[in-house]
Amino acid sequence: MVVTPILRWLIETIHGDLKGLKTNQLKQLKRLYHQRIPGDRFTTPEFAQRLAAISTELDKPVCVYLNRRGQPIRVGVGTPRQTQIPPQELPRYGAERLCGIRCLATAIDREAPGTGELTALALQRLDALVWLPLTGGGFARRGGGVGGYVRSACIAHLLPPTALPGLALANASDSATVATSTTVLPSVPLESLAEQDFLDFVTDLEAEFAREFSGQSTDTEGDRVLLVGVQTSDRHPRAFEDGLAELDRLVDTAGGSVVGVVRQKRSRPHPQTVVGEGKVEEIALQAQSQGANMVAFDRDLSPAQIRNLERFIGTRVVDRTEVILDIFAQRARSGAGKLQVELAQLEYLMPRLTGRGQAMSRLGGGIGTRGPGETKLETERRAIQRRIARLQQEVNELQAHRGRLRQRRQHHEIPSVAIVGYTNAGKSTLLNVLTDADIYAADQLFATLDPTTRRLTLTDPVSQEGRSILLTDTVGFIQELPPPLMDAFRATLEEVTEAEALLHLVDLSHPSWPRHVAAVHEILGDMPIVPGPELLVFNKIDAASAEAIELAKEQCPHAVFIAASDRLGLETLRHQLLNLVHYATGG
Ligand SMILES: Nc1nc2c(ncn2[C@@H]2O[C@H](COP(=O)(O)OP(=O)(O)OP(=O)(O)O)[C@@H](O)[C@H]2O)c(=O)[nH]1
Ligand SMILES: [Mg+2]
């Protein structure tokens, strides 16, 4: 590679506090980039003294970051905290590794690193922090010729998690996490430090991390996700905890594993970063120490918030909607399902396309794809817009097609009932036991995406006359259903609103069932077509507590109580369904 002057300048950036630096001082600092020490040494005495001399001259601490080959990759003026490598520039090694970079830091009047320095060590997962306190009164005699020098040094490094029994990382505060996840070794004379083998040290340390890590997790696939809950004053504490538990479930369903939870109480979300500055740091630290490669927030984030958070934390940051979209994408099997999921994903992505970093805003290429001066981003936007328009068109066709099918059924005068309810209520199980349909039912959120309709014959207990109805099982609801999904799934949701009546199934064994009922009503209320009358049916009574059943009976005296999987209460349900259909069709 030819090193052009501009490239050299880029490579040799001096970080940190450069105020008042003279040109020749800057040159001295830049020259550090050309130094190299043996890769198997923490430092050489000469290199340490050279840093001490520069530090003395500047009257400021100096930090040099070395890779494992002993090459400086970053030089900064200031403390390790002030010169640290931003998360997105760090190589990602994961929880079982260190970052492959050590920091040599001179220090003025401080014998050992403090919380700030140890935080920087933990945030970056540095191989080690080599602390070089200056002695010799160099600063007192600044300009007087005699420089400060380094006599002794100490090493700080990360501790593998088991070295810390019983540490509750999930709720540990910032400084507590740092204090327990790092250690500072006793100070030794510089000469003896220079004789120690650095590579042996770092290999042993990493072996411990690797052992820990393999003991901790068996599943190396899938994302390791750190959850973040923000309890704003408009959220009831119970609703907040419910939402967080639901997010945990969603992440799990999406195939990720939750490695920890961070909570914050705020009157309202921080406009730039949702949580406060200190909390962002705690999140970054925990993500590092627990090897998370993704951070999921329990609320929707603006595109700018996602960008800011990713910059500070250094992992992918997703919001609740993105997790739900991901589950939908994994579940979609049918053409219609895939079509609607793709539309929802693009509608979600569109506003988030702006300023996705330098890479996307560079000039685009390709004949006929751009006007003069148009950027690649705009080209991409237009391509996506075209795709969205085409998918919208296809969804319209799907909607029309399903409409025709319904009309044909109505023509045969078979009334239809749609089973609605919160996701995982047991809707598919119920359709299966009532009609021998063969629908996938599982203890998962959004097991069903595509509607299935089956004929069910109900017998009038008095006249013994049979009456057929069509029963439709469809996608489950969730609170705060993401708007892109509402729009994309309108063809599917229309099956619900176009039905003559609804069977609203509720999982009574779920402690938050009242909130689920409210969420379903809210979504139905938002639909363009007013849905028909609803029969409330409580499911899973086999797993519900006696109190829950009592409460539900009290609050909803007309509801039906069943256990679909145990075929309990199905007779009553059939009678009530017949009544519902009579009522809905005016018959
Ligand atoms: N204990 C108990 N579990 C049930 C009952 N009915 C269904 N389940 C279980 O609840 C889970 C969800 O059932 P599904 O039928 O897939 O629920 P769904 O409403 O179709 O869910 P989505 O399609 O994901 O929205 C499954 O594990 C079922 O076995 C019941 O009466 N009692
Ligand atoms: Mg289902």
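A quick note: this is a predicted structure, and the numbers were derived from the prediction, not measured.

Novice: Sorry, what's going on with the coordination of the magnesium ion (ligand 2) here?
Specialist: Note on metal sites: the ideal angle is 109.5 degrees for four tetrahedral donors, and 90 or 180 degrees for six octahedral donors. Protein coordination at the magnesium ion (ligand 2) comes from Ser-428 (OG) and Thr-448 (OG1), with a distance range of 1.9 to 2.1 Å. Note that Ser-428 is positioned in helix α16 (residues 427–435) and Thr-448 in the loop between α16 and β15 (452–459), a separation of 20 residues in sequence. Overall, Thr-448 belongs to the buried group, its relative accessible area being 11%.

Novice: Just checking my understanding: could you explain the packing of aromatic side chains for this structure?
Specialist: To describe a pair of aromatic rings, you give the distance between the ring centres and the angle between the ring planes. Taken as a whole and assessed by the stated rule, the structure comprises 7 aromatic pairs. Aromatic pair Phe-328 and Phe-446: ring centres 4.7 Å apart, planes at 55 degrees, arrangement tilted. Of this pair, Phe-328 sits in helix α12 (residues 320–331) while Phe-446 sits in the loop between α16 and β15, and the two are 118 residues apart along the sequence. Relative accessible area serves as the criterion here: at 1%, Phe-446 is assigned to the buried category.

Novice: For this particular structure, what's the right way to read the site of ligand 1?
Specialist: Taken together, 23 residues lie around ligand 1, and Lys-427, Thr-429, Ala-447, Thr-448 and Asp-542 are the ones closest in. Phe-446 is positioned with one of its backbone polar atoms (N or O) 3.0 Å from an oxygen atom of ligand 1. Its free accessible area being 660 Å², ligand 1 has 87% of it covered by the protein chains. No other element matches α16, which puts 3 residues into the shell around ligand 1. Here the shell around ligand 1 is built from residues that sort into 9 nonpolar, 10 polar and 4 charged.

Novice: How do you make sense of the nonpolar core when you look at a structure like this?
Specialist: Side chains of nonpolar character tend, in soluble globular proteins, to be buried together. In terms of nonpolar packing, the biggest core is built from 110 residues, with Leu-29 and Phe-297 touching the most fellow members. Not counting the four nearest positions on each side in its chain, Leu-29 is found in contact with Ile-14, Leu-21, Ile-54, Leu-58, Val-62, Val-75 and Val-77. Judged by nonpolar contacts, the second largest core, of 27 residues, contains Ala-425, Leu-471, Leu-503 and Ile-562.

Novice: Sorry if this is basic, but what is going on with the side chain of Asn-539 here?
Specialist: Tracing the backbone through its elements, the reader meets Asn-539 in strand β18 (residues 534–539). Side-chain polar atoms of Asn-539 contact the backbone nitrogen of Ala-564, separated by 2.9 Å. If sequence neighbours within four positions are ignored, Asn-539 has contacts with Ala-425, Gly-426, Leu-505, Val-506, Asp-507, Leu-508, Ser-509, Ile-562, Ala-563 and Ala-564.

Novice: What is the right way to look at the sheet that holds strand β11 (residues 257–266) in this model?
Specialist: The strands making up a sheet associate through backbone hydrogen bonding, with each pair oriented either parallel or antiparallel. Strands sit in the order β11-β10-β12-β13 across an open sheet of 4 strands; the sheet is parallel. Only two strands of the sheet have a single partner each, and these edge strands are β11 and β13 (316–318). Adjacent strand axes in the sheet meet at a mean angle of 20 degrees when their direction is disregarded. Of the pairings in the sheet, the one linking strand β12 (residues 294–297) to β13 comprises 3 bridges and is parallel in character. Bridge pairing links Ala-296 to Val-318 in β13. Of the strands in this sheet, β12 and β13 touch helix α11 (residues 303–313), which is tilted by about 145 degrees from β13.

Novice: So what exactly am I meant to see when it comes to the confidence of the model for the protein here?
Specialist: Note that predicted coordinates carrying low pLDDT should not be read in detail. Mean pLDDT over the protein stands at 85; residues scoring 70 or higher make up 86%. Within the protein, the lowest mean pLDDT, 34, falls on helix α14 (residues 358–361), and the highest, 98, falls on strand β19 (residues 560–561). Confidence drops under pLDDT 50 across residues 138–146; counting only partners more than four residues distant or on other chains, this segment forms 15 contacts. Confidence drops under pLDDT 50 across residues 163–174; counting only partners more than four residues distant or on other chains, this segment forms 17 contacts.

Novice: Would you mind going over the packing of α12 against helix α13 (residues 335–349) with me for this structure?
Specialist: Two measures define how a pair of helices packs: the angle their axes make with one another and the distance between the axes. Close contact between α12 and α13 brings their axes to 10 Å; oriented N to C, the two are set at 155 degrees. When the interaxial angle is binned, α12 and α13 end up roughly antiparallel. Judged by the sense of rotation from one axis to the other, the crossing of α12 with α13 is left-handed. Taking contact as the criterion, the partners of Thr-321, Glu-322, Leu-325, Phe-328 and Ala-329 in α12 are, on α13, Val-341, Ala-344, Gln-345 and Tyr-348. Split by residue class, the contact of α12 with α13 holds 6 nonpolar, 2 polar and 1 charged.

Novice: Mind showing me how you'd approach the side chain of Asp-473 here?
Specialist: With respect to the helices and strands, Asp-473 occurs in strand β16 (residues 466–473). The charged side chain of Asp-473 is buried without a salt bridge, its nearest counter-charge being Lys-427 at 5.6 Å. Apart from the residues within four sequence positions on either side, Asp-473 is in contact with Lys-427, Ser-428, Leu-431, Ile-439, Thr-448, Asp-450, Pro-451 and Thr-452.

Novice: Please clarify how the sheet that holds β16 should be interpreted in this entry.
Specialist: Pairing within the open sheet is mixed, and its 6 strands lie in the order β15-β16-β14-β17-β18-β19. On the outer flanks of this sheet lie β15 and β19, each paired with one strand and no other. Pairing between β15 and β16: 8 bridges, direction antiparallel. Its bridge partner lying in β16, Arg-454 is registered against Leu-471. Along the sheet, helix α21 (residues 570–584) makes contact with β14 (416–421), β15, β16, β17 (501–507), β18 and β19, crossing β18 at roughly 165 degrees.

Novice: Sorry if this is basic, but what is going on with the pairing of β18 here?
Specialist: Here is the key point about a regular strand: its side chains alternate between the two faces of the sheet. The element β18 is largely enclosed, with a buried count of 5 among its 6 residues. Sheet analysis places β17 next to β18, joined by 6 bridges and oriented parallel. Directly across from Leu-502, in β18, lies its bridge partner Glu-534. Assessed by its sense of winding, the connection that carries the chain from β17 through helix α19 (residues 513–525) to β18 is right-handed. Traced from β18 through helix α20 (residues 546–555) to β19, the parallel crossover comes out right-handed.

Criteria and cut-off values
- Residues numbered from 1 in each chain as written.
- Chains lettered and ligands numbered in written order.
- Predicted model: local features only at pLDDT ≥ 70, side-chain atom pairs only at ≥ 80, totals over all residues.
- Heavy atoms only, no water.
- Donors = N, O, S within 2.8 Å, 3.2 Å for Na, K, Ca; no water.
- Helix = DSSP H or I, 4+ residues; strand = E, 2+ residues; numbered from the N terminus.
- Buried < 20%, exposed > 50% of the residue type's maximum accessible area, 1.4 Å probe, protein only.
- Phe/Tyr/Trp six-rings, centres within 6.5 Å; stacked < 30°, edge-to-face > 60°.
- Near = heavy atom within 4 Å.
- Polar contact = N/O pair within 3.5 Å; in protein donor to acceptor, adjacent residues only side chain to side chain.
- Areas by Shrake-Rupley, 256 points an atom, 1.4 Å probe, with all protein chains shown as cover.
- Nonpolar A, V, L, I, M, F, W, Y, C, P; charged D, E, K, R; others polar.
- Core = buried A, V, L, I, M, F, W, Y, C linked by side-chain atoms within 4.5 Å.
- Contact = heavy atoms within 4.5 Å.
- Pairing = 2+ DSSP bridges.
- Axes fitted to C-alpha atoms, helices over the stretch in contact; angles between N-to-C directions.
- pLDDT = per-residue confidence, 0-100.
- Parallel < 35°, antiparallel > 145°, perpendicular 65-115°, else oblique.
- Left-handed = near helix turned anticlockwise from the far one by under 90°.
- Lys, Arg positive; Asp, Glu negative; His and termini not counted.
- Salt bridge = Lys/Arg side-chain N within 4 Å of Asp/Glu carboxyl O.
- Right-handed = clockwise from strand over helix to strand, strands pointing away.

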